[in-house]
Amino acid sequence: MVRSATDVMHDILVSAVIESIMALKTASKGLPNTLLRDLNAIHANTTFADLPKELQTTIADAVRSAFTQLHKEGYSVSGVRAEAPRSPPPRHEGRPPPRGPRPGAGPRKPDRSGTKKPGRDGRGPNKPRGR
């Protein structure tokens, strides 16, 4: 009987979690306060190197056994990623595609005086137009 990849991964993960909990108990040497301290030290940003050595060893063994179990079930695990399919270029309905930047149209040079330049009519920025 062929098992689905979901069932195989479920069994692998349950086994890895149980083995990890047992490794944390072993690392605490039977002291409840040490076990709580080790559990509280694990959070979303914890790296592999931050974990106790016993837990690191258990995780490494679980990963190896996961690959072995997947191979035994007939699944192929490869380190080669499939190339993402390329999307077609965007379509521009009835008009030519946009061109690149205009020649000579670079970023504007900053004003060196530190003040804002007056507007077109010479009154300066934020000046009301009176009649």
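Before reading on, note that the structure itself is shown above.
For the structure given in this document, a descriptive report is provided here. Only a predicted model underlies this, so the values are computations on that prediction, with no experimental measurement involved.

Attention shifts here to the overall build of the chain. Helix and strand content of the chain: three helices and zero strands. Listed N to C, the secondary structure of the chain is α-α-α in terms of helices and strands. Buried residues in the chain amount to 14% of all 131 residues. A separation threshold of at least 6 residues defines the contact pool for the chain, and within that pool the share at least 24 residues apart is 48%. Of the accessible surface of the chain, which amounts to about 12,100 Å², a share of 57% is contributed by carbon and sulfur atoms.

Time to look at the side chain of Ser28. When you line up the elements, Ser28 lands in the loop between helix H1 (5-27) and helix H2 (32-40). The exposure class of Ser28 is buried, given its relative accessible area of 4%. In this structure, Ser28 is in contact with Thr34 and Leu35, ignoring residues within four places of it in sequence.

Turning to the packing of H1 against H2, a few remarks are in order. Between H1 and H2, the least distance of the axes is 8 Å, while the angle of their chain directions is 130 degrees. Considered as vectors, H1 and H2 are oriented oblique to each other. Between H1 and H2 lies a crossing of right-handed hand. For the pair formed by H1 and H2, the contact residues are Leu24, Lys25 and Ala27 on the first element and Leu35, Asp38 and Leu39 on the second. The residue inventory of the contact of H1 with H2, partitioned by class, reads four nonpolar, no polar and two charged.

So, about a nonpolar patch on the surface. On the surface, Val14, Ile18 and Met22 cluster together to form a nonpolar patch covering roughly 270 Å² of accessible area. Topologically, Ile18 is positioned in helix H1.

Helix length check: helix H3 (residues 53-72), at 20 residues, gives a terminal C-alpha distance of 29 Å against a target of 28 Å (1.5 Å per residue), a fit within 8%. Listing the buried residues of H3 in full gives Leu55, Gln56, Thr58, Ala62, Ala66 and Leu70. One side of H3 carries all its buried residues, which in axial view fall inside an arc of 160 degrees. Away from its buried face by more than 90 degrees, H3 exposes Lys53, Arg64 and Lys72. On its buried face, H3 sits against H1. At the C-terminal side of H3, Gly74 shows a positive phi close to 100 degrees.

What counts, and where the lines are drawn
- Residues numbered from 1 in each chain as written.
- Predicted model: local features only at pLDDT ≥ 70, side-chain atom pairs only at ≥ 80, totals over all residues.
- Heavy atoms only, no water.
- Helix = DSSP H or I, 4+ residues; strand = E, 2+ residues; numbered from the N terminus.
- Buried < 20%, exposed > 50% of the residue type's maximum accessible area, 1.4 Å probe, protein only.
- Contact = heavy atoms within 4.5 Å.
- Areas by Shrake-Rupley, 256 points an atom, 1.4 Å probe, with all protein chains shown as cover.
- Axes fitted to C-alpha atoms, helices over the stretch in contact; angles between N-to-C directions.
- Parallel < 35°, antiparallel > 145°, perpendicular 65-115°, else oblique.
- Left-handed = near helix turned anticlockwise from the far one by under 90°.
- Nonpolar A, V, L, I, M, F, W, Y, C, P; charged D, E, K, R; others polar.
- Patch = residues over 30% accessible without salt bridge, like charges linked within 9 Å, V, L, I, M, F, W, Y side chains within 5 Å.
- Salt bridge = Lys/Arg side-chain N within 4 Å of Asp/Glu carboxyl O.
- Expected span 1.5 Å × (residues − 1).
- Arc of directions from axis to C-beta.

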